[in-house]
Amino acid sequence: QVQLVESGGGLVQAGGSLRLSCAASGASFSSYHMGWFRQAPGKGSEFVAAIRWSGGNTYYADSVKGRFTISRDNAKNTVYLQMNSLQPEDTAVYYCAARGADSGISYYIGEYETWGQGTQVTVSS
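Quick summary incoming for the structure in this document. Everything quoted here is computed from the prediction, not taken from an experiment.

If you tally the helices and strands in the chain, you get 0 helices and 11 strands. Ordered by position from N to C terminus, the α and β elements of the chain give β-β-β-β-β-β-β-β-β-β-β. C-alpha atoms of the chain, sized along the principal axes, occupy 40 × 25 × 25 Å. Considering the chain as a whole, with its 125 residues, one finds that 44% of them fall into the buried category. In the chain, the proportion of contacts linking residues at least 24 apart, taken out of those at least 6 apart, comes to 59%. A total of about 6,000 Å² of accessible surface is found on the chain, and carbon and sulfur atoms cover 46% of it.

Below you can see the structure in the form of structure tokens.
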């Protein structure tokens, strides 16, 4: 099973940018669709973005469409989330997750096989 480690979180002012990375190990990275989810304090997990195993199709929550970009580099076993025009409501712990490529894309973290420990993103107003 693939193991995932997120990085790149931090504190940024509203309007700023961050790029999150998620490094995979332990299994064939290109055998997995990848997703990003987030969880704000006191709230449930929220779908942010997903990308198919080949990188050919991407999916976004309406709340981040046009501001966030998901990408992957299968040669580096890494998926990225470029976040621009960040707003205080984007403050959350961000998790990457892996789902087998023999399944379709899912918007629910519970349908992913594994996820990382998360990285904190805090956007100040």
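Bringing the nonpolar core into the picture now. Counting 36 residues, the largest nonpolar core has Met34, Trp36, Leu81, Met83 and Tyr94 as its most contacted members. Breaking this core down by element, the ones donating at least two residues are β3 (18-25), β4 (32-39), β5 (45-51), β7 (68-73), β8 (78-83), β9 (92-100) and β11 (119-124). With residues up to four places along the chain from it excluded, the contact list for Leu81 reads Leu18, Arg19, Leu20, Trp36, Val48, Ala49, Phe68, Thr69, Ile70 and Tyr94.

What follows is about the pattern of salt bridges. Evaluation of the coordinates by the stated rule reveals 4 salt bridges. Linking Arg38 and Glu46 is a salt bridge whose minimum nitrogen-to-oxygen distance equals 2.8 Å. Arg67 is the salt-bridge partner of Asp90, the closest N and O atoms lying 2.7 Å from each other. Pair noted here: Asp90 is in the loop between β8 and β9 and Arg67 is in the loop between β6 (58-60) and β7, with a separation of 23 residues, a long-range link. Arg67 sits in the buried class, given a relative accessible area of 17%.

Turning to the packing of aromatic side chains, a few remarks are in order. Per the stated rule, a full pass over the model turns up 3 aromatic pairs. Three or more aromatic residues joined by ring pairs form one cluster here, namely Phe37, Phe47, Tyr107 and Tyr112. Just above the ring of Phe29 sits the side chain of Arg72; from NZ or CZ to the centre is 4.3 Å.

With that out of the way, let us pick up the pairing of β5. Among the 7 residues in β5, 5 count as buried, and that is most of the element. Sheet topology note: the β4/β5 ladder contains 6 bridges and is antiparallel. In the sheet register, Arg38 faces β5, and the bridge partner there is Glu46. Counted along the chain from β4 to the antiparallel partner β5, the turn is 5 residues long, and its residue Gly42 has a positive phi close to 75°.

Structurally, the position occupied by Glu6 is in strand β1 (residues 3-7). It is Arg38 that comes nearest to the buried, bridge-free Glu6 among opposite-charge side chains, at 13 Å. At 3.4 Å, the side chain of Glu6 and the backbone nitrogen of Gly116 are in polar contact. Within polar-contact distance, the side chain of Glu6 engages the backbone nitrogen of Gln117 at 3.0 Å.

Cut-offs and rules
- Residues numbered from 1 in each chain as written.
- Predicted model: local features only at pLDDT ≥ 70, side-chain atom pairs only at ≥ 80, totals over all residues.
- Heavy atoms only, no water.
- Helix = DSSP H or I, 4+ residues; strand = E, 2+ residues; numbered from the N terminus.
- Buried < 20%, exposed > 50% of the residue type's maximum accessible area, 1.4 Å probe, protein only.
- Contact = heavy atoms within 4.5 Å.
- Areas by Shrake-Rupley, 256 points an atom, 1.4 Å probe, with all protein chains shown as cover.
- Core = buried A, V, L, I, M, F, W, Y, C linked by side-chain atoms within 4.5 Å.
- Salt bridge = Lys/Arg side-chain N within 4 Å of Asp/Glu carboxyl O.
- Phe/Tyr/Trp six-rings, centres within 6.5 Å; stacked < 30°, edge-to-face > 60°.
- Lys NZ or Arg CZ within 6 Å of the ring centre and 35° of its normal.
- Pairing = 2+ DSSP bridges.
- Lys, Arg positive; Asp, Glu negative; His and termini not counted.
- Polar contact = N/O pair within 3.5 Å; in protein donor to acceptor, adjacent residues only side chain to side chain.

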